[in-house]
Amino acid sequence: MKRILNLFSNKYFLSALVFAGWMLFFDRNDLISQYDYRTELSKLQEEKDFYTIEIERVKKTLGELTSDQGMLEKFAREKYLMKKENEDVYVIIPESPKEK
């Protein structure tokens, strides 16, 4: 017990304790901020991975569209509702369920 009392009466120990408390809880880079930075970093890394995969998919689709005339025609018909001469296009929109 006396040893613990002597430890807390030591000015160097108290200074180190106050410094550690300041760095852990009150500094600009405290523990809570570090946790927030880590979660934001992981979220941004996931977004980066998603967009990298999406870019590869779009590049593949672009390559198919520039090399295959049939794919280009299919893409234009589906996405932009283009049609050939003397051809009718019917757009069917499914009804949403009615709320009561």
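To start, this report covers the structure provided alongside it. Note that the structure is predicted; figures quoted are calculated from it, not measured.

Reading guide: rules and limits
- Residues numbered from 1 in each chain as written.
- Predicted model: local features only at pLDDT ≥ 70, side-chain atom pairs only at ≥ 80, totals over all residues.
- Heavy atoms only, no water.
- Helix = DSSP H or I, 4+ residues; strand = E, 2+ residues; numbered from the N terminus.
- Buried < 20%, exposed > 50% of the residue type's maximum accessible area, 1.4 Å probe, protein only.
- Axes fitted to C-alpha atoms, helices over the stretch in contact; angles between N-to-C directions.
- Parallel < 35°, antiparallel > 145°, perpendicular 65-115°, else oblique.
- Contact = heavy atoms within 4.5 Å.
- Nonpolar A, V, L, I, M, F, W, Y, C, P; charged D, E, K, R; others polar.
- 1 Å grid on protein atoms, 1.4 Å probe; cavity = no way out; pocket = protein on both sides within 12 Å on 5 of 7 lines; lining within 4 Å.
- Points joined across faces, edges and corners; volume = space filled by probe spheres on them.
- Salt bridge = Lys/Arg side-chain N within 4 Å of Asp/Glu carboxyl O.

**Considering the overall build of the protein chain**
What the protein chain contains, in helices and strands, is four helices and zero strands. Going from the N terminus to the C terminus, the protein chain shows its helices and strands as α-α-α-α. Expressed as lengths along the three principal axes of its C-alpha atoms, the size of the protein chain is roughly 100 × 50 × 20 Å. Out of the 100 residues in the protein chain, the part that is buried amounts to 4%.

**Quick word on the packing of helix H3 (residues 31–67) against helix H4 (residues 69–80)**
Where H3 contacts H4, the two axes come as close as 5 Å, and the packing angle between them is 110 degrees. If you check the angle between H3 and H4, you find them roughly perpendicular. In contact with Glu 64, Leu 65 and Ser 67 of H3, H4 contributes Gln 69, Met 71, Leu 72 and Phe 75. Grouping the constituent residues of the contact of H3 with H4 by class yields four nonpolar, two polar and one charged.

**Comments concerning the environment of Lys 48**
Note on placement: Lys 48 falls in helix H3. The sequence separation of Lys 48 and Ile 92 amounts to 44 residues, and the corresponding C-alpha distance is 36 Å.

**Here we look at the layout of surface pockets**
What the largest pocket holds in volume is close to 200 Å³. Listed by contribution, the elements that provide at least two residues to the lining of the largest pocket are H3 and H4. The greatest single-element share of the lining of the largest pocket, amounting to six residues, is contributed by H3. Taken together, the residues of the lining of the largest pocket sort by class into five nonpolar, one polar and five charged.

**Things to note about the pattern of salt bridges**
Oppositely charged side chains can pair when the atoms bearing their charge come close. This structure, assessed with the given rule, holds two salt bridges. The partner of Glu 73 in a salt bridge is Arg 77, with the nearest N and O atoms 3.3 Å apart. Pair noted here: Glu 73 and Arg 77 are both in helix H4, with a separation of four residues, about one helical turn. You can call Glu 73 partly exposed: its relative accessible area is 33%.

Take it as geometry only, folks, not as evidence of what the structure does.
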